[in-house]
Amino acid sequence: MVLEERGLWPRGGLRLKCPKSSCNPEATACCATRLISLQPDFLEQKSLVQETIENAGHLCIFLPKFHCELNFIEFFWGAVKRYLREHCDYSYDGLRTNLPDALASVDISTIRKWEHRMIRWMDAYRGGKDAKEAQIEVKKFSSRKYTSHHRIPEGVAAALD
């Protein structure tokens, strides 16, 4: 109905969706779903989740799916779950009691380190590196590489010049 009201519905009709939701990325009118999804007001519409989060005064960030190295919230949840396992009494009440402490147990500086690491992964992928090359690139910045916090290794200092 929306497409018809806008004068976008073709005379010969249009299928609702492409088979297996496999629209050609270059196509603009292969199916009704694709046609309406490209309309400016639909493109600008935020999801209900995003609107709810932002209306509560928070920032909503969508991170890539299936790439834990690009999603530092996964590291946060891992740390929270580790805390809960270490302080587990195997009861629901115990879980409810420990959850706020588990969430607070992860220091903000640790979260920022995870974020910086994620940014390094993104930079490596943007630079055209594959997964193995990206991993090598990210490891160059690993804090375990340095044995002293008083000085920067010569190779790193030369690269900064």
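Since this is a predicted model, take the numbers as computed values, not measurements.

**Some details on the environment of glutamate 74**
Okay, step 1: Within the secondary structure, glutamate 74 sits in helix 5 (residues 73-86).
Okay, step 2: Judged by its relative accessible area of 43%, glutamate 74 falls in the partly exposed class.
Okay, step 3: Remark: the alpha-carbon pair of glutamate 74 and tryptophan 114, spanning 40 residues in sequence, is separated by 9.7 Å.

**What to know about unusual backbone geometry**
Apart from glycine, the bulk of residues carry a negative phi angle, and the bulk of peptide bonds sit in the trans form.
Okay, step 1: Phi is positive for tyrosine 90, which is not a glycine, with a value near 60°.
Okay, step 2: Along the chain, tyrosine 90 falls in the loop between helix 5 and helix 6 (92-104).
Okay, step 3: Residue classification places tyrosine 90 among the exposed residues on the basis of a relative accessible area of 75%.

**Topic: the packing of aromatic side chains**
Okay, step 1: In the structure shown here, the tally under the stated rule is three aromatic pairs.
Okay, step 2: Note on tryptophan 121 and tyrosine 125: the rings are 5.8 Å apart at their centroids and 40° apart in plane angle, and the pair reads as tilted. You can see tryptophan 121 and its partner tyrosine 125 sitting in helix 7 (residues 108-126), four residues apart, about one turn around the helix.
Okay, step 3: The class for tryptophan 121 is buried, based on a relative accessible area of 9%.
Okay, step 4: Residue class for tyrosine 125 comes out partly exposed when judged on its relative accessible area of 26%.

**Things to note about the layout of surface pockets**
Okay, step 1: Estimated volume of the second largest pocket: approximately 300 Å³.
Okay, step 2: Around the second largest pocket, the lining residues are Leu59, Ile61, Phe62, Leu63, Asn71, Phe72, Ile73, Phe76, Ile111, Glu115 and Met118.
Okay, step 3: Where the lining of the second largest pocket is concerned, the elements lending two or more residues are helix 5 and helix 7.
Okay, step 4: A total of three residues in the lining of the second largest pocket trace back to one element, the largest contributor, which is helix 7.
Okay, step 5: Among the residues forming the lining of the second largest pocket, the class breakdown is nine nonpolar, one polar and one charged.

**With respect to the pattern of salt bridges**
Oppositely charged side chains can form a pair if their charged atoms are brought close together.
Okay, step 1: One pass over the full model with this rule turns up four salt bridges.
Okay, step 2: Linking arginine 6 and aspartate 41 is a salt bridge whose minimum nitrogen-to-oxygen distance equals 2.4 Å. Here arginine 6 is found in the loop between helix 1 (2-5) and helix 2 (32-37), whereas its partner aspartate 41 is found in helix 3 (residues 40-44), with 35 residues between them in sequence.
Okay, step 3: Residue arginine 6 is classed as partly exposed on the basis of its relative accessible area of 36%.
Okay, step 4: A salt bridge links aspartate 123 to arginine 126; the nearest nitrogen and oxygen atoms lie 3.1 Å apart. Here the residue aspartate 123 and the residue arginine 126 both occupy positions in helix 7, the gap between them amounting to three residues, near one helical turn.

Definitions and cut-offs
Residues numbered from 1 in each chain as written. Predicted model: local features only at pLDDT ≥ 70, side-chain atom pairs only at ≥ 80, totals over all residues. Heavy atoms only, no water. Helix = DSSP H or I, 4+ residues; strand = E, 2+ residues; numbered from the N terminus. Buried < 20%, exposed > 50% of the residue type's maximum accessible area, 1.4 Å probe, protein only. Phe/Tyr/Trp six-rings, centres within 6.5 Å; stacked < 30°, edge-to-face > 60°. 1 Å grid on protein atoms, 1.4 Å probe; cavity = no way out; pocket = protein on both sides within 12 Å on 5 of 7 lines; lining within 4 Å. Points joined across faces, edges and corners; volume = space filled by probe spheres on them. Nonpolar A, V, L, I, M, F, W, Y, C, P; charged D, E, K, R; others polar. Salt bridge = Lys/Arg side-chain N within 4 Å of Asp/Glu carboxyl O.

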